[in-house]
Amino acid sequence: QHLNALNIITDYLYLLDNPDAPFVPKTYIFGAKAAPGYYMAKQIIKLLCCLSEEIARNSKISDKLSVVYIEDYSVTLSELIMPASEISEQISLAGTEASGTGNMKFMLNGAITLGTLDGANVEIHDIVGDDNMIVFGMTAEEVVQRKEIGYSPIEIYNSNPTIRRAIDLMLSGINGQTFEDIANSLKFNDPYMVLADFDSYRKAQNKVSELYLDRKKWNEMSAINIAGAGYFSADRAIEDYAQKIWKLN
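These remarks concern the structure in this document. These figures come from a predicted structure and were not determined experimentally.

Some points on the overall build of the chain
Across its full length, the chain carries 13 helices and 5 strands. Taking 2.2 N^0.38 as the reference for a compact globule, 249 residues should give roughly 18 Å; the C-alpha atoms of the chain span a radius of gyration of 19 Å, in line with that estimate. Its C-alpha atoms put the chain at 65 × 45 × 35 Å along the principal axes. The proportion of buried residues among the 249 residues of the chain is 44%. For the chain, the exposed area adds up to about 13,100 Å²; of that, 53% sits on carbon and sulfur atoms. Computing the positive centroid from 22 side-chain charges and the negative centroid from 33, the chain places the two 2 Å apart.

Describing the packing of aromatic side chains
Under the counting rule described, the total for this entry stands at 4 aromatic pairs. Consider the rings of Y231 and F232, whose centres lie 5.2 Å apart with planes at 85 degrees: the pair is edge-to-face. Owing to a relative accessible area of 16%, F232 belongs among the buried residues under this scheme. Where Y241 meets W246, the ring centres are 5.5 Å apart and the plane angle is 40 degrees; that geometry is what we call tilted. Residue placement shows K187 over the ring face of Y157; its charged tip is 4.6 Å from the ring centre. The lysine or arginine in question, R236, covers the ring of Y231, its NZ or CZ lying 3.8 Å from the ring centre.

A look at the nonpolar core
Membership of the largest hydrophobic core comes to 53 residues, with the highest contact counts inside it found for L6, M170, I174 and L195. Apart from the residues lying within four places of it in its own chain, the contact partners of L6 are A166, I167, M170, L186, V194, L195 and F198. Core analysis: the second largest hydrophobic core is formed by 8 residues, M104, A120, A229 and F232 among them.

With respect to the packing of helix α1 (residues 2–17) against helix α2 (residues 39–56)
Contact geometry for α1 and α2: axes closest at 11 Å, N-to-C directions at 20 degrees. As far as their axial angle goes, α2 and α1 are roughly parallel. Remark: the crossing between α1 and α2 carries left-handed chirality. Contacts between α1 and α2 involve H2, A5, I8, I9 and Y12 from the first element and M40, I44, L47, L48, L51, E54 and I55 from the second. Class assignment of the residues belonging to the contact of α1 with α2 gives a composition of 10 nonpolar, 1 polar and 1 charged.

Points about unusual backbone geometry
At M193, a position not held by glycine, the phi torsion is positive, near 50 degrees. Mapped onto the elements, M193 comes out in the loop between α10 (180–188) and α11 (194–213). Despite not being glycine, K247 shows a phi value in the positive range, around 55 degrees.

A word on the packing of α11 against helix α12 (residues 215–228)
At a minimum axis separation of 5 Å, α11 and α12 run at an interaxial angle of 105 degrees. Considering their axes alone, α11 and α12 lie roughly perpendicular with respect to each other. Contact residues: V208, L211, Y212 and L213 in α11; R215, K217, W218 and M221 in α12. Across the contact of α11 with α12, the residue classes tally to 6 nonpolar, no polar and 2 charged.

Re the state of the cysteines
A complete count under the given rule lists 0 disulfides for this structure. The thiol of C49 is not disulfide-bonded; the next cysteine sulfur, from C50, is found 7.1 Å away.

What counts and how
- Residues numbered from 1 in each chain as written.
- Predicted model: local features only at pLDDT ≥ 70, side-chain atom pairs only at ≥ 80, totals over all residues.
- Heavy atoms only, no water.
- Helix = DSSP H or I, 4+ residues; strand = E, 2+ residues; numbered from the N terminus.
- Rg over C-alpha atoms; globule rule 2.2 N^0.38 Å.
- Buried < 20%, exposed > 50% of the residue type's maximum accessible area, 1.4 Å probe, protein only.
- Areas by Shrake-Rupley, 256 points an atom, 1.4 Å probe, with all protein chains shown as cover.
- Lys, Arg positive; Asp, Glu negative; His and termini not counted.
- Charge placed at Lys NZ, Arg CZ, Asp CG, Glu CD.
- Phe/Tyr/Trp six-rings, centres within 6.5 Å; stacked < 30°, edge-to-face > 60°.
- Lys NZ or Arg CZ within 6 Å of the ring centre and 35° of its normal.
- Core = buried A, V, L, I, M, F, W, Y, C linked by side-chain atoms within 4.5 Å.
- Contact = heavy atoms within 4.5 Å.
- Axes fitted to C-alpha atoms, helices over the stretch in contact; angles between N-to-C directions.
- Parallel < 35°, antiparallel > 145°, perpendicular 65-115°, else oblique.
- Left-handed = near helix turned anticlockwise from the far one by under 90°.
- Nonpolar A, V, L, I, M, F, W, Y, C, P; charged D, E, K, R; others polar.
- Disulfide = S-S within 2.5 Å.

Geometry only, nothing functional implied.
Dropping the structure here:
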């Protein structure tokens, strides 16, 4: 969730500079777990929690932007969160196959998918089309090409003031904590090419805000997603296995 955090930091900095600017209110909800040895994942969780607390201290901004980190995420909590969610963020780098079944459950409950063309997002896109899903970022082929020609995140950091300011805030401190390891990973390594997809992701987030103001259009998109979710039923999946893999009648 490097990319998600960078986007939230960018919105936070924008609202600090422009507290009275028009802004479609957003609450970002995170439910995540990290294995004991997964240091970077734990750092990102800590970053999100610190970001949540810093934003909450500014009453003028927290009316427009908030971050909620849910402890002990579980099926029981997902039964409450998924039906209440308007957006399903499935933002893994294309080609990493990092989306699971959660995006289908969000779709079934009417959330609009905001995502890359990765994993099951590809099938959702095939079903609902460009008009009912918000796609951003490089394709898997473009990711390979970008790596082949040589990907240098520090060049993006140096040339993009928005990205540079967001990463620099991690270094200077958020809610009294600094995040040098995350910042340096993004600047010098960036294995998931977060900085390469950042501008495209920001445009997608702006599109989300514009669409959400048109309630009729939004509800139409939601209904089409619900109607298309039948493709992901267990019955269809088992029938496919029976016919294509097990060769059963």
